[in-house]
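Report on the structure
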Amino acid sequence: MPDVQISHRTEYAYQRPVGLMPHRLMLRPQDSHDLRLHEATLTVDPPAARTRWAHDVFGNSICHLEWDEGLRTPHLRIVSELSLTHYPAGTSLRREALDPLAELYPFSYAADEIPDLARLTERQLPDPERQVDAWARRFAAREGGVHTLELLEEMTRAIKTEFTYVGREAEGTQAPAETLSLGSGTCRDFAVLMMEAARSLGFAARFITGYLYEEPNAPNQGAGATHAWCGVYLPGAGWVEYDPTNGIIAGQNLIRVGVTRTPAQAMPVAGGFVGDPTDPLPLTVEVQARAVAAPPGATGGQSD
């Protein structure tokens, strides 16, 4: 039950003052049984003339910012600070958490859930040579069937073991077939590979953006930046989180901020400017996410 402090600073700088177009922020997590948000502070410089909060189609908390048309500024600085308590399932997720009918793969989702899960079971990216299909089948092709949790855990750990993590500042993700061919990628690429592999086997999967917090003597790839992983829907257990970059199962050390069908829908900060294309200077993004000592008198247990 760690208490976690997160600071996320995004700063745009320009050679000449520019106008600011509307921006869309996905930086605030939702309270849930596994996450209690104590404080959230958003600082914007220059201040927006209009700020509006809304929930998107997935239920994520979205902040919309607008500035007056006449504003000109040499920079835009957005700082999000969060204080929260995390109640991860971690290794407590056991086989008995599943609906008995879903313990062994393959299984079928309940008829009343299929309409809601349908788009999340569909492949979102091309796989013309069926490379992703072939890679996914290695985890499911076993005589007598395979335990569902073991299949997904093996897939998660195979990505961590067999692929090389590389940082990439450019937006967007590689196609899963490209990740398989290169043997390397970012956390976004690995999340998409696992999502598409799971979908090829009939699982409903979704993309997750958020933060990976560090604990002493537990270094992880992707800490110190926004992080990406995926969730798979399992009857009885619900949405179970898998981080193939680090081999993390069931949300340990992961702070979920946004869930979407595709990575393109999960940008933490998105917007534009009015000016010359040569005006932008290099973007600066700094993220600090760390577990801190629990306050005096704090006790363990699940959040209500």
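This text follows the structure it describes.
Just so it is clear, the structure is predicted and the values come from calculations on it, not from any experiment. (Residues numbered from 1 in each chain as written. Predicted model: local features only at pLDDT ≥ 70, side-chain atom pairs only at ≥ 80, totals over all residues. Heavy atoms only, no water.)

1. Regarding the pattern of salt bridges
Here is the rule: Whenever a carboxyl oxygen of Asp or Glu lies within 4 Å of a side-chain nitrogen of Lys or Arg, that contact is scored as a salt bridge. To qualify as a helix, a DSSP run of H or I must reach at least 4 residues; to qualify as a strand, a run of E must reach at least 2; elements of each kind are numbered from the N terminus. Accessible area is worked out with a 1.4 Å probe on protein chains only. A residue is then buried under 20% of its type maximum, exposed over 50%, and partly exposed in between.
Using the criterion set out here, one finds 18 salt bridges in the structure. Where Asp56 meets Arg24, a salt bridge forms, and the shortest distance between an N and an O atom there is 3.5 Å. One end of the pair, Asp56, is in the loop between strand 4 (50–55) and strand 5 (61–66); the other, Arg24, is in strand 2 (residues 23–28), and 32 residues separate them in sequence. Judged by relative accessible area, Arg24 falls into the partly exposed class, the value being 27%.

2. Here we look at the sheet that holds strand 2
Filter applied, for reference: DSSP bridges decide pairing: two strands pair if at least two such bridges lie between them.
Read across the sheet, four strands follow the order 4-5-2-16 without closing on themselves; strand pairing throughout is antiparallel. Looking along the sheet, the strands with just one partner apiece sit at the ends: strand 4 and strand 16 (269–270). Across six bridges, strand 4 lies against strand 5 in antiparallel orientation. In the sheet register, His55 faces strand 5, and the bridge partner there is Ser61.

3. What to know about the environment of Glu103
Note that Glu103 resides in the loop between strand 6 (73–86) and strand 7 (104–105). Taking the C-alpha atoms as reference, Glu103 lies 9.2 Å from Leu234; in sequence the two are 131 residues apart.

4. Concerning the environment of Gly258
Along the chain, Gly258 falls in strand 15 (residues 254–260). Exposure remark for Gly258: the relative accessible area of 0% places this residue in the buried category. For the pair Gly258 and Ile62, spaced 196 residues apart in the sequence, the C-alpha separation amounts to 9.3 Å.

No statement about biological role is implied by the geometric values presented.
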